[in-house]
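Take a look at the letters that make up each chain.
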Amino acid sequence: MVTVIDTVARELRHPEKQNRPDSPVLRKPDWLRVRAPGSGQYNETRNIVREKGLHTVCEEAACPNIGECWSQKHATLMIMGDTCTRACAFCNVKTGLPQALDQEEPVKVGRAVAEMGLNHVVITSVDRDDLADGGAAHFAEVVRQIRLQAPNTTIEILTPDFLRKDGAAEVVIDAKPDVFNHNLETVPRLYLKIRPGARYYHSLRLLERVKERDPSQFTKSGIMVGLGETKEEVMQVMDDMRSAGVDFITIGQYLQPTRKHAAIDRFVTPEEFKAYEAIARAKGFLMVSSSPLTRSSHHAGEDFAKLRAARDAKLAGR
């Protein structure tokens with residue numbers, strides 16, 4: 001069921017969307033139904049997140065995989081607060097004017113990762129257009145603190161686009177995460193409707209710059225389908241990603257957070273996702289995750305191991 005925005009709450013989660021007409025809600029097909037969370041390990045992960053005063057994109061973005069991931073001690077930590085300066089039509093993260101950065105957050109994140117005993121961690125953030133560097137230095141410090149406090153943990157970051165923040169991306173790249181992820185989210189034609197604060201070719205160029213500056217870093221990007229894109233447009237995005245050197249592509253079904261968000265155009269079938277996976281592999285991606293419930297950080301640890309093995313096999317075959 002889609003959550004309706006609570007207009008009685010003292011603080012609106014999406015104030016910019018209140019005057020939009022309600023979008024129609026489509027009934028989810030059986031292949032998108034997931035079990036409600038509630039295992040003992042799920043509760044343990046939740047308690048650590050609460051005790052450390054951290055935010056997760058699992059909760060803020062209402063991810064359908066939260067029960068599975070948290071039960072396996074995997075959480076995607078969201079830094080720089082819980083309020084985003086952008087108002088993308090697909091996203092459930094709260095929007096508005098953020099608070100000042102918590103200067104202790106990098107240390108807290110490092111401790112939490114160590115305490116959870118994670119082999120692989122994903123760190124993402126809200127967009128912080130209010131900061132001169134978009135939060136790049138803070139992002140880099142989080143990576144450094146994880147390296148310091150959990151040296152055996154591999155690190156994947158899912159970053160903003162750092163639009164109009166000269167030199168910011170380089171600061172994050174130079175922190176040397178194992179995987180640099182930035183999602184293109186949708187096809188170029190739909191950007192003004194779905195991702196109005198971003199620019200498709202700027203995001204594509206960001207991914208390309210990662211490979212230019214540090215070829216050893218894996219790059220990753222994802223898109224949602226079911227927003228009105230065509231198969232041909234999805235294949236063009238694949239080609240654009242490969243031209244930018246992207247190693248890993250994720251493709252998942254868009255799920256409408258509330259009636260005020262962009263409407264679902266259709267539910268893409270599991271068979272179509274399998275076809276997208278075959279096409280992407282044929283185009284040369286080292287790793288592909290394409291399914292209705294695929295999300296950027298779903299099975300990230302397992303996928304990182306497969307990604308590394310795929311690159312090793314490719315290098316050995318040369």
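Summary of the structure given here. Remember, predicted model here, so these are calculated numbers, not experimental data.

Mapped onto the secondary structure, Val-143 falls in helix α5 (residues 136-149). In this structure, the C-alpha to C-alpha distance between Val-143 and Val-172, residues 29 residues apart in sequence, is 8.7 Å. Apart from residues lying up to four places away in sequence, Val-143 is in contact with Ile-155, Ile-157 and Ala-175.

Of all hydrophobic cores here, the largest spans 38 residues; its most connected members are Leu-184 and Met-238. Mapped onto this core, the elements with two or more residues apiece are α7 (191-194), α8 (200-213), β8 (218-225), α9 (231-243), β9 (248-253) and α10 (270-282). Excluding residues within four positions of it along the chain, Leu-184 makes contact with Tyr-191, Arg-195, Tyr-200, Ser-203, Leu-204, Leu-207, Ser-221, Gly-222, Ile-223, Val-237 and Met-241. Core analysis: the second largest hydrophobic core is formed by 31 residues, Met-116, Phe-162, Val-172 and Ile-173 among them.

Within the fold, Thr-153 resides in the loop between α5 and β6 (154-158). With a relative accessible area of 5%, Thr-153 lands in the buried category. A polar contact is formed between the side chain of Thr-153 and the backbone oxygen of Leu-118, at a distance of 2.7 Å. With residues up to four places along the chain from it excluded, the contact list for Thr-153 reads Val-113, Leu-118, Asn-119, His-120, Val-121 and Arg-147.

The buried count for strand β5 (residues 120-125) comes to six of six residues, which makes it a mostly enclosed element. Burial of the side chains of β5 extends over both faces: His-120, Val-122 and Thr-124 are buried on one face and Val-121, Ile-123 and Ser-125 on the other. Taken together, the four bridges between strand β2 (residues 76-79) and β5 define a ladder with parallel strand orientation. Counted as the bridge partner of Leu-77 is Ile-123 from β5. By the bridge criterion, five bridges tie β5 to β6 in an arrangement that is parallel. Considered in β6, the bridge of Ile-123 is made with Ile-157. Regarding the hand of the β-α-β motif, the stretch spanning β5, α5 and β6 is right-handed.

Side chains bearing opposite charge may pair, as long as their charged atoms lie close to each other. Counting across every chain of the model gives 21 salt bridges. A salt bridge links Arg-147 to Asp-178; the nearest nitrogen and oxygen atoms lie 3.2 Å apart. One end of the pair, Arg-147, is in helix α5; the other, Asp-178, is in the loop between α6 (168-173) and β7 (179-181), with 31 residues separating them in the sequence.

Moving on: helix α11 (residues 300-316). Residue pairs spaced three or four apart in an α-helix point in one direction, given the helix's 3.6 residues per turn. Taking 1.5 Å as the rise per residue, α11 with 17 residues should run 24 Å; its terminal C-alpha atoms sit 24 Å apart, in good agreement. Looking at α11, one finds that the buried residues are Ala-300, Asp-303, Phe-304 and Leu-307. Projection of α11 onto a plane perpendicular to its axis shows the buried side chains occupying an angular sector of 105°, all on one side. In α11, the exposed residues that point more than 90 degrees away from the buried face are Ala-313 and Ala-316. Contacts from the buried residues of α11 go to β5, β6, β7, β8, β9 and β10 (287-290).

Reading the values: rules and limits
- Residues numbered from 1 in each chain as written.
- Predicted model: local features only at pLDDT ≥ 70, side-chain atom pairs only at ≥ 80, totals over all residues.
- Heavy atoms only, no water.
- Helix = DSSP H or I, 4+ residues; strand = E, 2+ residues; numbered from the N terminus.
- Contact = heavy atoms within 4.5 Å.
- Core = buried A, V, L, I, M, F, W, Y, C linked by side-chain atoms within 4.5 Å.
- Buried < 20%, exposed > 50% of the residue type's maximum accessible area, 1.4 Å probe, protein only.
- Polar contact = N/O pair within 3.5 Å; in protein donor to acceptor, adjacent residues only side chain to side chain.
- Pairing = 2+ DSSP bridges.
- Right-handed = clockwise from strand over helix to strand, strands pointing away.
- Salt bridge = Lys/Arg side-chain N within 4 Å of Asp/Glu carboxyl O.
- Expected span 1.5 Å × (residues − 1).
- Arc of directions from axis to C-beta.

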